[in-house]
Amino acid sequence: MFKVKHTLFIALALAAAFALGSCKNKSKKTVDKTTPTKEVKCDCPKVKVCTTKEALARKKERCLKWQTEEARRQNPKAAAPSLNRVELYITKVNPIGVVKHYRSDNSLACREVDLNGDGLMDLFYFYDASGRIKKEVQQDSDRDGIIDIKRIFQNGVIFKELHNTDGDESTWEIEKTFNNGIITQIALRIINPPGSTRRVCEGFNYFENFDSKGRLISISWDVDCDGDMDRVRNKEGKFESDVYKNMRMDPKATYRKLKEEDTSIAP
Ligand SMILES: [Ca+2]
Ligand SMILES: [Ca+2]
Ligand SMILES: [Ca+2]
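Rules used in this analysis
Residues numbered from 1 in each chain as written. Chains lettered and ligands numbered in written order. Predicted model: local features only at pLDDT ≥ 70, side-chain atom pairs only at ≥ 80, totals over all residues. Heavy atoms only, no water. Donors = N, O, S within 2.8 Å, 3.2 Å for Na, K, Ca; no water. Tetrahedral: all angles 85-135°; square planar, octahedral: opposite > 155°, others 65-115°. Buried < 20%, exposed > 50% of the residue type's maximum accessible area, 1.4 Å probe, protein only. Core = buried A, V, L, I, M, F, W, Y, C linked by side-chain atoms within 4.5 Å. Helix = DSSP H or I, 4+ residues; strand = E, 2+ residues; numbered from the N terminus. Contact = heavy atoms within 4.5 Å. Disulfide = S-S within 2.5 Å.

Draft legend 1. Summary view of the coordination of the calcium ion (ligand 3). Protein coordination of the calcium ion (ligand 3) is provided by Asp222 (OD), Asp224 (OD), Asp226 (OD), Asp228 (O), Asp230 (OD) and Asp230 (OD), with donor distances spanning 2.0 to 3.1 Å. In this structure, the calcium ion (ligand 3) is surrounded by 6 donor atoms whose angles at the metal cover 44 to 174 degrees, and the resulting shape is irregular. In primary-sequence terms, the residues that donate to the calcium ion (ligand 3) follow D-x1-D-x1-D-x1-D-x1-D. Summarising the burial analysis for this pair, Asp228 and Asp230 share the class buried.

Draft legend 2. Spatial organisation of the coordination of the calcium ion (ligand 1). Looking at the calcium ion (ligand 1), the protein donor atoms are Asp140 (OD), Asp142 (OD), Asp144 (OD), Ile146 (O), Asp148 (OD) and Asp148 (OD), and they sit 2.1 to 2.8 Å from it. For the calcium ion (ligand 1), the 6 donor atoms are set out with angles of 48 to 171 degrees between them, so the coordination reads as irregular. For the calcium ion (ligand 1), all donor residues lie on one chain, and their spacing in sequence is D-x1-D-x1-D-x1-I-x1-D. We classify Asp142 as partly exposed; its relative accessible area is 46%.

Draft legend 3. Examining the nonpolar core more closely. Membership of the largest hydrophobic core is limited to 11 residues, which are Cys63, Trp66, Val99, Ala109, Cys110, Met121, Phe124, Phe126, Ile147, Leu162 and Trp172. Where this core is concerned, the elements lending two or more residues are helix 3 (62-74), strand 3 (108-114) and strand 4 (123-127). When neighbours within four sequence positions are excluded, Phe126 is seen to be in contact with Arg62, Cys63, Trp66, Ala109, Cys110, Ile133, Lys134, Lys135, Glu136 and Gln138. Listed in part, the 10 residues of the second largest apolar core include Phe178, Ile186, Val223 and Leu258.

Draft legend 4. Just the state of the cysteines, in detail. Under the defined criterion, the tally for this structure stands at 2 disulfides. Shown here is the disulfide that connects Cys63 with Cys110, its sulfur atoms set 2.0 Å apart. Because the sign of the S-S torsion sets the handedness, a value of about 85 degrees for the bond joining Cys63 and Cys110 places this disulfide among the right-handed ones. With Cys63 in helix 3 and Cys110 in strand 3, this residue pair connects regions lying 47 residues apart in the sequence. Take Cys63: its relative accessible area is 1%, and that puts it in the buried class.

Okay, structure coming up:
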């Protein structure tokens, strides 16, 4: 009897030691002092997936870079701010990680949020010098460390929303402009029709314009990348100077009527 119990005990001890060993191997990574060590275990939620080194490098010091550029917009000789990083955590069931960066005067510079607990930040909030007013929000929707959507705020109200569709953060392929939170224009880079002298323009070449209530009033398209609008759709199907204050029209532009909005299914 003693022998059976003894063998069972050894078997259990070995199993436990093996499980512990594989656990350690899996969670072999540097843990910041402020991150509770309890959460770094084998029972991580299934959503936990590895991030690439490239993605991690891209998101690194995003806050410091943004705040340094912001300071230099006011004063080109401004020094990079000194930021204090604080990690906040997490519940086991819903692992949303939050990192905050504070300036030396304790004002909040940035807040970063990991939405799926994979260790890669998905949302970045950037604040003004007071630390109270949000100036910009950046979002990485597909975990590659490249920002896909950027929202710029004026006095805390959205002013621009930029979309990145080609993986290059230095260019934005869709730009939405707002006035007091109401959309006034959507500008896009779209491929010009076959037969055009240039199929792809360097800047925006397709514009949807909205009235003060956010209703679509015109669409204009520059099909040859010369900056003049060539194809226009509006309510009357003709040139309306007051609608195109900031646009140049090609003298040969064609005007068509906007299709009537189908309101039969409107709420
Ligand atoms: Ca991305
Ligand atoms: Ca881009
Ligand atoms: Ca043109």
